[in-house]
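# Coordinates in review
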Amino acid sequence: MRAKQRIAVLSTLFILFNLLAVVSLDRAFGRAHDLDRQSSSEAIHQKPGADAGENILEPGRTIKRELAAGQRHIYRINLDADQFLRAIVEQDRIDVVVRLSGPDGKQITEFDSESRPRGQEPATLVAEAAGEHRLTVEPGQEGAAAGGYEIRIEELRPATDDDRALQEAHKLIEESLKLRRAGRFDQALSPVERAVVIRQRVLGPEHPSVAHPLNNLGQLHQEKGDYAKAEPLFIRALGIREKALGPEHPDVASTLNNLASLYLNKGAYTKAEQLYRRGLLILEKALDPQHFKVAGNLNNLGVLYRNTGDYAKAEPFFQRAVSIWEKAVGPQQPEVALALNNLARLYDYKGDYLKAEPLLQRALTIREKALGSDHPLVSVSLVYLANLYSDRGDYAQAEPLLQRALSIWEKGAGPEHPEVANSSNSLASLYLITGDYAKAEPLLQRALSIWEKTQGPEHRNVAAALANLSNLYRNKGDYGKAEAFIERALAIFEKAMGPEHPDVAEALDTLAAISAAKGDFVRAISFQLRANAIS
């Protein structure tokens with residue numbers, strides 16, 4: 001085998017920044033207009049307090065406060081229907097998150113566009129109902145050192161058509177993200193495409209707020225396996241951010257990370273490494289070497305080195321990510337579990353099961369306690385633990401874990417979610433190893449059907465299911481079916497990943513074995529030579 005066989009076929013690289021980031025309005029509202037500013041000459045200074053009452057926020061007043069971990073400050077703002085609000089939080093030594101709630105008490109949106117400890121965090125809204133709204137300021141990071149901020153209303157006026165359009169664009173981005181999380185990638189495309197059009201029209205094509213939906217659009221195409229469409233979107237978003245924000249801005253690092261993940265999925269490891277490392281340098285300089293976003297980049301570099309077999313390089317990156325996340329968010333938080341899982345999988349790959357198992361068990365316990373026993377991330381930990389048991393040959397322990405993982409996804413995401421396909425494929429792969437083809441075949445057919453519907457017929461996951469079906473029929477001696485499935489898988493791998501990707505070599509290996517089994521040794525030698533040339 002050219003690479004160690006894994007039970008789980010991951011649908012896409014975990015792009016950390018986007019799972020940790022909150023959805024924001026990206027500094028969009030009102031920024032492109034020549035509008036009168038409210039004065040902020042009257043400053044109110046208050047001492048820190050954990051949820052210490054509520055303050056009225058009014059035009060013409062600046063409130064200056066101290067803020068530390070575990071604290072939140074709430075401000076009341078009276079708004080008329082269709083009134084436009086732009087509040088500014090000037091961060092001083094602390095990164096904050098700003099949340100806006102309506103008169104009914106329900107959160108409308110939140111803002112965390114500036115991740116550095118100094119700089120402006122704008123919060124904007126077109127009120128849909130008259131009444132008392134609330135603005136909440138909290139630290140953006142658990143365990144954050146104390147800092148200060150100033151808050152003021154910069155604009156309060158009747159909304160314009162452009163204000164309403166930009167708010168609609170924000171809603172479309174949120175709608176797209178919800179569809180994406182539900183695995184409905186095709187449906188998620190249209191809302192974010194409309195958001196790009198709106199922001200380009202109102203703000204101009206080079207505004208940094210245009211880069212945000214472009215980034216999201218690139219991620220959707222990447223998840224669909226359409227790297228040819230994803231790459232130029234990431235490159236355009238990167239160019240906009242570099243020009244508008246400067247080459248050392250954290251948002252630039254975020255786009256570099258996404259582009260690097262695309263190259264990693266394509267097997268372009270040198271390109272991926274260069275971009276990951278550039279992003280890491282930006283984050284360490286712009287934020288802090290111990291910032292949780294730095295840990296995310298370290299984790300992704302560890303994944304790259306692990307996937308390329310450079311385990312010695314991968315290990316310290318995972319270890320440092322664990323250490324940073326433990327300090328930044330606490331040792332029992334899901335982010336820590338992510339890095340523990342990846343470090344454990346590294347030890348699993350190396351065959352060091354004694355080191356791997358306690359890390360996987362700890363990660364599973366963290367996720368069950370923090371997220372609940374039926375959370376999708378719990379299922380990911382279950383699959384990784386099942387991988388370990390399978391690699392040790394303990395298939396009886398692996399099977400119930402994979403069955404539970406599949407049940408979690410079916411219950412939480414519905415029977416047609418791509419991760420249901422992933423879990424079905426994982427369980428089927430175990431049955432392939434144990435020779436239980438009667439159980440494996442329907443699971444693989446189900447995975448294939450779901451992935452074709454949700455991610456398109458040319459996605460690499462479709463090819464993975466086809467490759468597993470080929471192995472099943474080959475093991476059953478049905479070489480005609482086996483050859484047809486692997487030939488289709490090969491065509492997808494070559495188109496999606498490029499002709500030099502290891503997955504292409506694996507498919508060629510399989511074709512060589514099938515040809516040899518059929519007695520066609522000329523074809524077998526030809527396929528094997530092509531496979532060996534990729535190694």
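Residues numbered from 1 in each chain as written. Predicted model: local features only at pLDDT ≥ 70, side-chain atom pairs only at ≥ 80, totals over all residues. Heavy atoms only, no water.

### Side note on the overall build of the protein chain
Secondary structure summary: the protein chain contains 19 helices and 10 strands in total. Classification of the 535 residues of the protein chain by burial places 55% in the buried group. Of the contacts formed within the protein chain by residues at least 6 apart in sequence, a portion of 69% connects residues at least 24 apart. Total accessible area computed for the protein chain in this model is approximately 21500 Å², and 51% of it derives from carbon and sulfur atoms. (Helix = DSSP H or I, 4+ residues; strand = E, 2+ residues; numbered from the N terminus. Buried < 20%, exposed > 50% of the residue type's maximum accessible area, 1.4 Å probe, protein only. Contact = heavy atoms within 4.5 Å. Areas by Shrake-Rupley, 256 points an atom, 1.4 Å probe, with all protein chains shown as cover.)

### Overview of the packing of aromatic side chains
For the structure on display, the rule yields three aromatic pairs. With a centroid separation of 5.5 Å and an interplanar angle of 15°, the aromatic rings of Tyr473 and Phe485 are classed as stacked. Of the two residues, Tyr473 sits in helix α16 (residues 460-475) while Phe485 sits in helix α17 (residues 479-497), which places them 12 residues apart along the sequence. For Tyr473, a relative accessible area of 3% translates into the label buried. Positioned above the aromatic ring of Tyr349, the side-chain terminus of Arg306 is 5.4 Å from the ring centre. (Phe/Tyr/Trp six-rings, centres within 6.5 Å; stacked < 30°, edge-to-face > 60°. Lys NZ or Arg CZ within 6 Å of the ring centre and 35° of its normal.)

### Quick word on the packing of helix α11 (residues 353-371) against helix α12 (residues 376-391)
It is at 9 Å that the axes of α11 and α12 come closest, and there the two elements cross at 160°. With respect to each other, α11 and α12 are oriented roughly antiparallel. For α11 against α12, the interelement crossing comes out left-handed. Where α11 approaches α12, its residues Tyr353, Ala356, Glu357, Leu360, Gln361, Ala363, Leu364, Arg367, Glu368 and Leu371 are matched on the opposing element by Leu377, Val378, Val380, Ser381, Leu382, Tyr384, Leu385, Leu388, Tyr389 and Asp391. Within the contact of α11 with α12, the residues separate by chemical class into 14 nonpolar, two polar and four charged. (Axes fitted to C-alpha atoms, helices over the stretch in contact; angles between N-to-C directions. Parallel < 35°, antiparallel > 145°, perpendicular 65-115°, else oblique. Left-handed = near helix turned anticlockwise from the far one by under 90°. Nonpolar A, V, L, I, M, F, W, Y, C, P; charged D, E, K, R; others polar.)

### As for the pattern of salt bridges
Using the criterion set out here, one finds 42 salt bridges in the structure. Residues Arg157 and Glu155 are paired through a salt bridge, measuring 3.1 Å at the closest nitrogen-oxygen approach. On the basis of relative accessibility, which here comes to 13%, the residue Arg157 falls in the buried class. When salt bridges with common partners are traced through the structure, they connect Arg86, Glu90, Arg152, Glu154, Glu155, Arg157 and Asp163 into a single cluster. (Salt bridge = Lys/Arg side-chain N within 4 Å of Asp/Glu carboxyl O.)

### Topic: the side chain of Glu121
Within the secondary structure layout, Glu121 lies in strand β8 (residues 118-126). Looking at Glu121, its side chain comes within polar contact range of the main-chain nitrogen of Glu114, at 3.1 Å. When sequence neighbours within four positions are dropped, the list of residues in contact with Glu121 reads Ala87, Ile88, Val89, Gln91, Asp95, Val96, Val98, Phe111, Asp112, Ser113 and Glu114. (Polar contact = N/O pair within 3.5 Å; in protein donor to acceptor, adjacent residues only side chain to side chain.)

### Quick notes on the packing of helix α3 (residues 185-203) against helix α4 (residues 208-223)
Orientation of α3 relative to α4, taken along the N-to-C sense of each, is 160°, at an axis distance of 9 Å. One finds that α3 runs roughly antiparallel with respect to α4. Read as a crossing pair, α3 and α4 show a hand that is left-handed. Along the contact surface, α3 presents Phe185, Ala188, Leu189, Val192, Glu193, Ala195, Val196, Arg199, Gln200 and Leu203, while α4 presents Ser209, Val210, His212, Pro213, Leu214, Asn216, Leu217, Leu220, His221 and Glu223. A per-class count over the contact of α3 with α4 returns 12 nonpolar, five polar and three charged.

### Quick look at the pairing of strand β10 (residues 147-158)
Along β10, 10 of the 12 residues are buried, which leaves the element largely enclosed by surrounding structure. When strand β3 (residues 61-67) meets β10, the two strands line up antiparallel, connected through six bridges. Pairing of Ile63 across the sheet is with Ile151, part of β10. As judged from the 10 bridges shared by strand β5 (residues 83-92) and β10, these two strands associate in the antiparallel manner. Residue pairing in the sheet places Glu90 in a bridge with Glu150 of β10. (Pairing = 2+ DSSP bridges.)

### Points about the confidence of the model for the protein chain
Across the protein chain, pLDDT averages 88, with 90% of residues at or above 70. Note on residues 1-50: pLDDT under 50 across the span, and 170 contacts to partners over four residues away in sequence or across chains. (pLDDT = per-residue confidence, 0-100.)

### Describing helix α7 (residues 269-286)
In this model, α7 (18 residues) spans 26 Å end to end at C-alpha, consistent with the 26 Å of a helix rising 1.5 Å per residue. Among the residues making up α7, those that are buried are Ala272, Leu275, Tyr276, Gly279, Leu280, Ile282, Leu283 and Ala286. End-on, the buried residues of α7 take up no more than an arc of 165°, which puts them together on one face. The outward face of α7, more than 90 degrees from its buried face, is lined by the exposed residues Thr270, Gln274, Leu281 and Lys285. (Expected span 1.5 Å × (residues − 1). Arc of directions from axis to C-beta.)

### Brief notes about a nonpolar patch on the surface
Among the surface-exposed residues, Phe521, Ile525 and Leu529 lie close enough to one another that they form a single nonpolar patch of about 340 Å² accessible area. Inspection of the secondary structure puts Phe521 in helix α19 (residues 521-534). (Patch = residues over 30% accessible without salt bridge, like charges linked within 9 Å, V, L, I, M, F, W, Y side chains within 5 Å.)

### Description of the environment of Ala268
Looking at the secondary structure, you find Ala268 in the loop between α6 (250-266) and α7. Along the sequence, Ala268 and Met497 sit 229 residues apart, while their C-alpha atoms lie 8.8 Å from each other.

### Looking at the sheet that holds strand β7 (residues 107-111)
The strand order across the open sheet formed by five strands is β2-β4-β9-β6-β7, and the pairing between neighbours is mixed. Strand pairing shows two members of the sheet lacking a second neighbour, β2 (54-56) and β7, which therefore form its edges. Strand after strand, the sheet turns through a mean of 25° between neighbouring axes, direction not considered.

### Re unusual backbone geometry
Here Asp82, not a glycine, exhibits a phi torsion of approximately 65°, which is positive. The phi torsion at Arg93 lies on the positive side, around 75°, for a residue other than glycine. Of note, Arg93 is situated in the loop between β5 and β6 (96-101).

### Considerations on the pairing of β7
Direction of pairing for β6 relative to β7: antiparallel, over a ladder of four bridges. Paired with Ser101 across the bridge in β7 is Gln107. Where β6 folds back on β7, the antiparallel hairpin that results is connected by five residues, among which Gly105 adopts a positive phi of roughly 85°.

### Digging into the environment of Glu114
Looking at the element boundaries, Glu114 is found in the loop between β7 and β8. Overall, the relative accessible area of 5% leaves Glu114 in the buried class. For Glu114 and Gln91, which are 23 residues apart along the polypeptide, the C-alpha to C-alpha distance reads 9.0 Å. Side-chain polar atoms of Glu114 contact the side chain of Arg116, separated by 2.8 Å.

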